[in-house]
Protein chains: 2
Amino acid sequence: MTLQGLQGSEAQAPRRSGSARRISVLGATGSIGTSTLDLIGRDAEGFEVVALTAQSRPEELARLAIKHRARVAVIGDEAHFEALKAALSGTGVEAAAGAQALCDVAREDTDCVMAAIVGAAGLRPTFAAIAQGRRIALANKECLVSAGDVFTAEIARQGAELVPVDSEHSAAFQLLAGAEPGSIEKIVLTASGGPFRLWDQAALEAAKPEQALKHPNWSMGDKITIDSATLMNKGLELIEAFHLFPVSAEQIDIVVHPQSIVHCLVMYKDGSVLAQMAPPDMRTPIAVALAWPARMAAPTERLDLVRLGTLTFEAPDEARFPALRLAREALRCGGTAPAVLNGANEAAVAAYLGRRIGFCDIARTVERTLEGAGKEGALRTPACLEDVLAADALARRLAQAHIKGYQ
Amino acid sequence: MTLQGLQGSEAQAPRRSGSARRISVLGATGSIGTSTLDLIGRDAEGFEVVALTAQSRPEELARLAIKHRARVAVIGDEAHFEALKAALSGTGVEAAAGAQALCDVAREDTDCVMAAIVGAAGLRPTFAAIAQGRRIALANKECLVSAGDVFTAEIARQGAELVPVDSEHSAAFQLLAGAEPGSIEKIVLTASGGPFRLWDQAALEAAKPEQALKHPNWSMGDKITIDSATLMNKGLELIEAFHLFPVSAEQIDIVVHPQSIVHCLVMYKDGSVLAQMAPPDMRTPIAVALAWPARMAAPTERLDLVRLGTLTFEAPDEARFPALRLAREALRCGGTAPAVLNGANEAAVAAYLGRRIGFCDIARTVERTLEGAGKEGALRTPACLEDVLAADALARRLAQAHIKGYQ
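Just so you know, these numbers come straight off a predicted model, no measurement behind them.

A. Focus on the overall build of chain A. A count of helices and strands for chain A gives 19 helices and 12 strands. The globule rule puts the C-alpha radius of gyration for 407 residues at 22 Å, and the 21 Å found for chain A is close to it. Evaluated residue by residue, chain A yields a buried proportion of 59% over its 407 residues. Long-range pairs, those at least 24 residues apart, make up 69% of the contacts in chain A between residues at least 6 apart in sequence.

B. Inspection of the side chain of histidine 263 of chain B at higher detail. Residue and element names in this part refer to chain B. With respect to the helices and strands, histidine 263 occurs in strand E10 (residues 262–268). According to the relative accessible area criterion, histidine 263 is buried, its value standing at 4%. In terms of polar contacts, histidine 263 uses its side chain to reach the backbone carbonyl oxygen of isoleucine 261, at 3.4 Å.

C. Broad picture of the environment of leucine 64 of chain B. Residues and elements named next belong to chain B. Counting through the fold element by element, leucine 64 comes out in helix H3 (residues 58–67). On the basis of relative accessibility, which here comes to 4%, the residue leucine 64 falls in the buried class. In this structure the C-alpha to C-alpha distance between leucine 64 and leucine 37, which are 27 residues apart in sequence, comes to 8.0 Å. In this structure, leucine 64 is in contact with Ala28, Thr29, Thr34, Leu37 and Leu52, ignoring residues within four places of it in sequence.

D. Fine view of the pairing of strand E11 (residues 273–277) of chain A. Burial analysis of E11 of chain A places five of its five residues in the buried class, which makes it a mostly covered element. One ladder, built from five bridges, connects strand E10 (residues 262–268) of chain A with E11 of chain A; its direction is antiparallel. If you follow valine 262 of chain A over to E11 of chain A, its bridge partner there is methionine 277 of chain A. Counting the residues in the hairpin turn of E10 of chain A and E11 of chain A gives four residues, including glycine 271 of chain A, whose phi is positive at 90 degrees. Examined bridge by bridge, E11 of chain A and strand E11 (residues 273–277) of chain B share five bridges and lie antiparallel to one another. Residue pairing for E11 of chain B: valine 273 of chain A is matched across the bridge by methionine 277 of chain B.

E. Here's a closer look at the relation of the copies chain B and chain A. With an RMSD of 0.0 Å, chain B superimposes on chain A once it is rotated by 180 degrees and translated 0.0 Å along the axis. Classification of the inter-copy transformation places it as that of a two-fold axis.

F. Quick look at helix H2 (residues 31–42) of chain A. All names here are of chain A. The terminal C-alpha atoms of H2, which comprises 12 residues, lie 17 Å apart, in line with the 16 Å expected from a rise of 1.5 Å per residue. The set of residues buried in H2 consists of Ile32, Gly33, Ser35, Thr36, Leu37, Leu39 and Ile40. Contact partners of the buried residues in H2: strand E1 (21–26), strand E2 (47–54), helix H3 (58–67), strand E5 (112–115) and helix H14 (283–291).

G. Molecular detail of the interface of chain B and chain A. Contacts between the two partners involve 40 residues from chain B and, on the opposite side, 40 residues from chain A. For the pair chain B and chain A, the summed buried area comes to about 3300 Å², and 61% of that belongs to carbon and sulfur atoms. Together, Asp270, Arg295 and Phe313 of chain B form the three largest contributors to the area buried by chain B at its contact with chain A, with a combined 21%. Where arginine 302 of chain B meets glutamate 185 of chain A, a salt bridge forms, and the shortest distance between an N and an O atom there is 2.8 Å. Across the chain B-chain A interface, the total number found is 22 residue pairs in polar contact (both at pLDDT 80 or more). Elements that contribute at least two residues to the side of chain B that touches chain A include exactly helix H9 (167–176), E10, E11, helix H14 (283–291), helix H15 (305–308) and strand E12 (310–312) of chain B. In terms of residue count, E11 of chain B provides more of the side of chain B that touches chain A than any other element does, five residues in total. Strand direction decides the pairing type here: strand E12 (residues 310–312) of chain A and E12 of chain B, joined by three bridges, are antiparallel. Across the sheet, threonine 312 of chain A pairs through a bridge with threonine 310 of chain B, a residue of E12 of chain B.

H. Just helix H13 (residues 232–244) of chain B, in detail. Residue and element names in this part refer to chain B. Taking 1.5 Å of rise per residue, 13 residues should cover 18 Å, and H13 covers 18 Å from first to last C-alpha, within 8% of that figure. Taken across its 13 residues, H13 has 12 buried, putting it largely inside the fold. Inspection of H13 places Met232, Asn233, Lys234, Gly235, Leu236, Glu237, Leu238, Ile239, Glu240, Ala241, His243 and Leu244 among the buried residues, and these make up the whole buried set.

I. Focus on the sheet that holds strand E4 (residues 94–97) of chain B. All names here are of chain B. Spatial ordering of the open sheet is given by E4-E3-E2-E1-E5-E6-E7, a layout of seven strands whose pairing is parallel. Each end of this open sheet is capped by a strand with a single partner; those strands are E4 and strand E7 (161–164). Each adjacent strand pair in this sheet contributes to an overall mean axis angle of 20 degrees, direction not counted. Pairing of strand E6 (residues 135–138) with E7 involves four bridges; the strand directions are parallel. Of the residues in E7, the one forming a bridge with alanine 137 is valine 163. The sheet contacts of helix H2 (residues 31–42) involve strand E1 (21–26), strand E2 (47–54) and strand E5 (112–115), and relative to E1 the element is tilted by about 160 degrees. Set on the sheet, helix H6 (residues 123–130) makes contact with E1, E5 and E6; between it and E6 the angle comes to about 155 degrees.

Cut-offs and rules
Residues numbered from 1 in each chain as written. Chains lettered and ligands numbered in written order. Predicted model: local features only at pLDDT ≥ 70, side-chain atom pairs only at ≥ 80, totals over all residues. Heavy atoms only, no water. Helix = DSSP H or I, 4+ residues; strand = E, 2+ residues; numbered from the N terminus. Rg over C-alpha atoms; globule rule 2.2 N^0.38 Å. Buried < 20%, exposed > 50% of the residue type's maximum accessible area, 1.4 Å probe, protein only. Contact = heavy atoms within 4.5 Å. Polar contact = N/O pair within 3.5 Å; in protein donor to acceptor, adjacent residues only side chain to side chain. Pairing = 2+ DSSP bridges. Least-squares fit on C-alpha atoms with pLDDT ≥ 70 in both. Expected span 1.5 Å × (residues − 1). Buried area = accessible area lost by both parts, 1.4 Å probe. Salt bridge = Lys/Arg side-chain N within 4 Å of Asp/Glu carboxyl O. Axes fitted to C-alpha atoms, helices over the stretch in contact; angles between N-to-C directions.

Below, the structure written as C-alpha cells:
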C-alpha cells in the first residue's frame with residue numbers, strides 16, 4: 001500500500017481548535033490504541049494528537065499518524081525506523097525510533113496519555129508519561145501489577161491523575177466517584193470465565209491455543225485472551241484494583257458472569273450496590289477515560305436487557321483455575337511477588353502460544369517461578385522501577401527453565 | 001399495652017449530642033416511617049427526632065415518640081387526640097392533633113423531613129415541610145405525581161433539597177449524582193411485574209384482593225401492593241422520575257425484572273450503563289436519603305449474586321397491564337391529568353380492596369375518569385396546590401360514579 005493510496009482513500013482529520021485536548025497514544029496500533037483513535041477520529045475537533053507509538057508495525061503506525069495528524073510517530077523496534085521514515089516522508093509527521101524515543105515522546109506535554117502498550121514493555125514509557133503530571137489513561141496492566149506501589153507513589157509525587165481503562169476498573173472508577181473509603185464494603189470484579197469455564201481438568205490439560213483464543217465475548221490481543229482463559233487476567237485485575245481503589249485485598253471479590261455485561265459492582269455499607277454494565281466494547285471505558293468527569297459519545301452497541309433476558313453469576317473455581325489463587329498469594333506476599341507472577345506468566349503464555357507447554361503448565365510455571373524467586377530471596381519490596389524490572393527479568397529466566405522442563 | 005410496659009420493655013434513645021441531625025418523620029407508624037425509625041434507633045447519637053406524626057394509631061405513635069425521645073407527636077385524626085394525650089402523659093413528649101397541626105409540625109426547623117404519609121393525604125404536610133428549605137426525603141408519591149411542577153417549583157423557590165426514597169428513584173438519584181443532563185440517554189426503571197405477571201386476562205379479571213396482596217418480593221402497605229399488581233405503581237414512578245430527573249418522558253423506560261434486585265439503570269451516551277441493586281429492603285434507600293452524600297450503615301441483607309444466580313429481564317405487557325399506558329398518557333397530557341390519574345386510582349384501589357370492583361376495573365375506572373375529567377375541561381395546568389387538590393377531589397367523585405356502575 002502506498003502513501004498516496006492511504007491519503008487518497010482515507011479522510012484526514014481537520015485542523016483542531018485551540019480548546020482541543022492534546023493526547024498521545026502509546027501502543028497506537030494495538031487493540032486499545034486503534035479503539036482510542038476510532039473515538040478520537042469521530043470527534044476530531046475535540047482532540048489534538050501529539051504522538052503515536054507502536055512496537056513493530058511501521059506502515060500501520062504511519063497510516064494512523066497521517067490520518068490523525070499526529071505531530072510525531074515513534075516505532076519501538078529500531079529495525080523498522082527506515083520503513084517508518086519512508087512511510088511518513090513528506091507528510092509533516094516526525095519519525096523517531098527506539099526505546100529511549102518512546103520514553104521521550106511519552107514525556108511530551110499533553111492533557112492525556114493513553115498508556116496502551118501491552119506487557120512489561122509498557123513500564124518505562126508509562127512511567128515516563130507520569131512526568132508531565134497530567135492524566136494517564138492506563139490500559140497497561142503491568143504498571144500496577146508489577147510496579148504497584150512504585151507506580152502509585154510516582155503518580156502521587158508528580159501530581160498526575162490516573163484513570164483506568166480496563167473495563168472492570170473503569171466500571172469501579174465510575175461507581176466509586178466521590179465515595180468515602182469507609183463507606184465501601186466490597187468491590188466485586190466479574191470474570192467471563194473464559195472459553196474453558198465448563199471444561200474439566202483433563203480437557204484443560206489438552207486445551208490448544210486456538211481453542212483458548214476463542215474468547216466468548218471480547219475481541220482482544222492474544223496475550224490477554226489467554227489470560228482470560230486461565231483467569232490470570234482476573235488475578236492481575238485483582239492486584240490492579242487493590243492499587244487503584246481504597247480497599248484491602250480481602251474487600252475485592254471475583255464473580256464469574258459468563259455474559260460479560262456487568263463489569264464490576266461496588267457494595268456500600270448501607271446495602272446499596274452500584275454496578276456498571278455495557279456490551280463488550282472497549283470504546284466505552286476508553287471514552288470514560290478520555291472525557292471523565294464529562295461523557296463523550298461512543299458509537300457502541302447499546303445495552304438491551306430485554307433482548308439479553310438473563311444475566312447469570314457463579315463462583316470461580318480456583319481448583320481448575322489456580323491463577324486466581326496465585327494472584328491473591330502474590331498480592332498477600334507483596335514486594336516483587338506480583339512482578340514475578342506477571343513476568344513468569346508472560347513467559348509462560350508465550351511458551352503456550354508457541355506450543356512449547358500445555359495450558360495448565362502456564363499456572364504451574366507461574367507457581368514454581370514464585371517459589372523459586374522466594375527461595376532466592378528475590379521478593380523484597382522494590383525501591384524503584386529498576387528493582388521491578390530486575391524481578392521481572394529474574395522471573396522470565398526462572399520461568400524459561402521451568403518451561404524447558406515441560407518440553 | 002400500658003405506657004409502663006412500653007418503657008420497661010424497650011430501651012429509650014440516649015441524649016443526643018449537638019451535632020446530631022434533627023429529623024421529623026411524617027407518617028411515622030407506616031412502613032417507611034418504622035423503617036426510618038429502625039435506622040435512626042441504631043444511630044441514636046446521630047439523630048435528634050423533632051416530630052413524629054401518624055393518622056390514626058395513637059398508641060403506636062406514642063410508643064415510637066417515647067422510644068425515640070421525639071419533642072412532639074401529632075395524630076392526624078382528631079378523634080384520637082385524647083388517646084394520644086393519655087399515652088404521652090408524663091413522658092415530656094408534646095401531643096397535638098388535626099390536619100393543621102400536621103402542617104405546623106412539618107414546618108418546624110429540622111435538617112431533614114422524612115415525608116412518608118401515604119396518598120394524597122401527604123400533599124399538604126409535605127408542601128408545608130418545604131418551607132424550612134432543608135432536605136425533604138420524599139417517600140410520598142403524590143407530591144410529584146399529582147402536584148408535579150407545582151411541587152418542584154416550590155422546592156426550587158424555597159431552596160429545599162429533594163432526595164427520593166422510593167427504591168427506584170433512590171437508585172437513579174445515586175446513579176445520576178453529578179451527571180451532566182446531556183450525557184444521559186435513558187433512565188430504566190425496573191418493575192417486579194407483581195403477583196399477576198404471568199396471569200392471563202381472564203384470570204386477572206377474577207383476581208381477588210388477597211391474591212393481589214401477595215407481593216413476590218416486597219412487604220409494603222396495601223395500597224402500594226395493589227399498585228404493584230396493576231403496575232400502576234410503576235406508572236406513578238414514571239411520572240415521578242420525569243419530575244425528579246433531567247430527562248424527557250421518552251427517555252424513561254420500564255423493564256420487568258421479577259427478582260427486584262436491580263432497581264434502576266442509567267444509560268449514558270458513551271454506552272456505559274450504571275445500575276443500582278439491593279435486596280428488597282426499604283432501609284437501604286432510606287439510609288441513602290438520610291445520609292447522602294455520605295453513607296450510613298444499614299443492617300440489611302447483603303446482595304449475594306452467586307446465591308441469586310440469575311437475574312432476568314422482560315418487556316412489560318401494556319395490554320394486560322394498561323396502567324402503564326394510562327400513566328404515560330397522563331404525563332403526555334400534562335396539567336392535572338396525573339393528579340386525576342392518581343385520585344381515580346386511589347379511589348379504585350380502595351373499592352377493589354373493599355370488593356366493590358374487580359381487579360381490571362381499577363384501570364378501567366382510571367381511564368374513564370381521565371376521559372370524564374377531560375370532557376369537563378378539568379385537566380388544565382394547575383397554578384397551585386389548591387388546583388391540584390380540586391382535581392384530585394373531582395377525580396374521586398368521577399371515579400366513585402364509575403365504581404357504582406360496576407356494582
